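Fold and geometry: a report
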Amino acid sequence: MTRAKTDSVRATQTSLAVLSAIKDLGGSATLAELADSLESAKSTIYKHLLTLEDEGLVVERDGEYRIGLRWLEFGGIAQRYDGIYEVAKPEVRRMAVETGELANLMIEEQGYGIYIHTTSGDQAVALDTRLGKRIHLHKTAIGKALLSSFDDDRVAEIIDTRGLPAETDNTITDRETLFAELETIRETGVADDTEERVDGTGCVGVPIDTGDRREAAISITAPINRLQSPGRKAQLVDTVKQAANVIEVNLAHG
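Calculation criteria
Residues numbered from 1 in each chain as written. Predicted model: local features only at pLDDT ≥ 70, side-chain atom pairs only at ≥ 80, totals over all residues. Heavy atoms only, no water. Buried < 20%, exposed > 50% of the residue type's maximum accessible area, 1.4 Å probe, protein only. Helix = DSSP H or I, 4+ residues; strand = E, 2+ residues; numbered from the N terminus. Pairing = 2+ DSSP bridges. UniProt positions renumbered as here; feature names shortened; annotations may be inferred. Axes fitted to C-alpha atoms, helices over the stretch in contact; angles between N-to-C directions. Parallel < 35°, antiparallel > 145°, perpendicular 65-115°, else oblique. Left-handed = near helix turned anticlockwise from the far one by under 90°. Contact = heavy atoms within 4.5 Å. Nonpolar A, V, L, I, M, F, W, Y, C, P; charged D, E, K, R; others polar.

The protein chain carries the name IclR family transcriptional regulator in an unreviewed UniProt entry, which gives Haloarcula taiwanensis as its organism.

Concerning the pairing of strand β9 (residues 216–223)
With eight of eight residues buried, β9 is to be regarded as a mostly interior element. Taken together, the six bridges between strand β4 (residues 102–109) and β9 define a ladder with antiparallel strand orientation. Counterpart to Leu102 in the pairing with β9 is Thr221. With eight bridges connecting them, strand β8 (residues 201–208) and β9 associate as antiparallel partners. By the bridge assignment for β9, Gly202 is matched with Ala222.

Considerations on the UniProt feature "domain: HTH iclR-type" (unreviewed entry) in the protein chain
The UniProt record marks residues 9–69 with the feature "domain: HTH iclR-type" (unreviewed entry), using the residue numbering of this structure. Counted over residues 9–69, helix gives 61% and strand 18%. Its end C-alpha atoms are 25 Å apart.

Description of the packing of helix α7 (residues 152–162) against helix α8 (residues 175–188)
Running from amino to carboxyl end, α7 crosses α8 at an angle of 140 degrees, the nearest separation of the two axes being 12 Å. Between α7 and α8, the interaxial angle falls into the category oblique. α8 is crossed by α7, and the crossing has right-handed handedness. Across from Asp152, Val155, Ala156, Ile159 and Asp160 in α7, the residues of α8 making contact are Arg175, Leu178, Phe179, Leu182 and Arg186. Partitioned by chemical class, the residues of the contact of α7 with α8 number six nonpolar, no polar and four charged.

Comments concerning the pairing of strand β3 (residues 64–67)
Direction of pairing for strand β1 (residues 28–30) relative to β3: antiparallel, over a ladder of three bridges. Paired with Thr30 across the strands is Glu64, a residue of β3. With four bridges joining them, strand β2 (residues 58–61) and β3 adopt antiparallel strand pairing. Bridged to Val58 within β3 is Ile67. With antiparallel pairing between neighbouring strands as the criterion, β2 and β3 make up a hairpin whose turn holds two residues, including Asp62 at a positive phi of roughly 50 degrees.

Here is the structure:
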């Protein structure tokens, strides 16, 4: 059933659009930049900014608006509510320290993958895998590891809703190819990608058996030349599998 869009719903949507625009404009923006980005009157945007500012969700400094730190309160609750973050965090850190690479923890929400923790080793590449970053699941190893946790009907539902957009020339954009790869991941327990989301990088990931909690996965991301060097990929796969096993045991008995 289609929900009627009341004035209050439209106002909420506009406020959310303002927040998204601030994020997309690099984290801070002037009123003029926001009005231009949203193709709306300055007076309208200003009213929403004032309301958001009153609630601590937006702050203004020297004519620029940025996301308020109060969002950390909400984010902290979302990050921690089922215990996965606390249990997985030490293992994600260990992966980064042992390999020197970028280690990640992701959960699925509404058909997207959400990074809820990342840690950089001393050789890690600088990517956009910041806390709360939302991506399409089919574009990277950690996302495909998550998809492999679902049955085919759920995967099909996610594809129908979110699509299979390309990020690079190597991104899987064919449904049957993706399903075939997910079957392989289920058999081997390991997902990988080669420059499928970011040119010049690759990733190995594994799903985590979280019991009745949210589906989750962990991964290590590295420059493609290091990932493909002799023995390196096997080493990273072993590290990720060991970490996943520790996380699963601790979730089951914690």
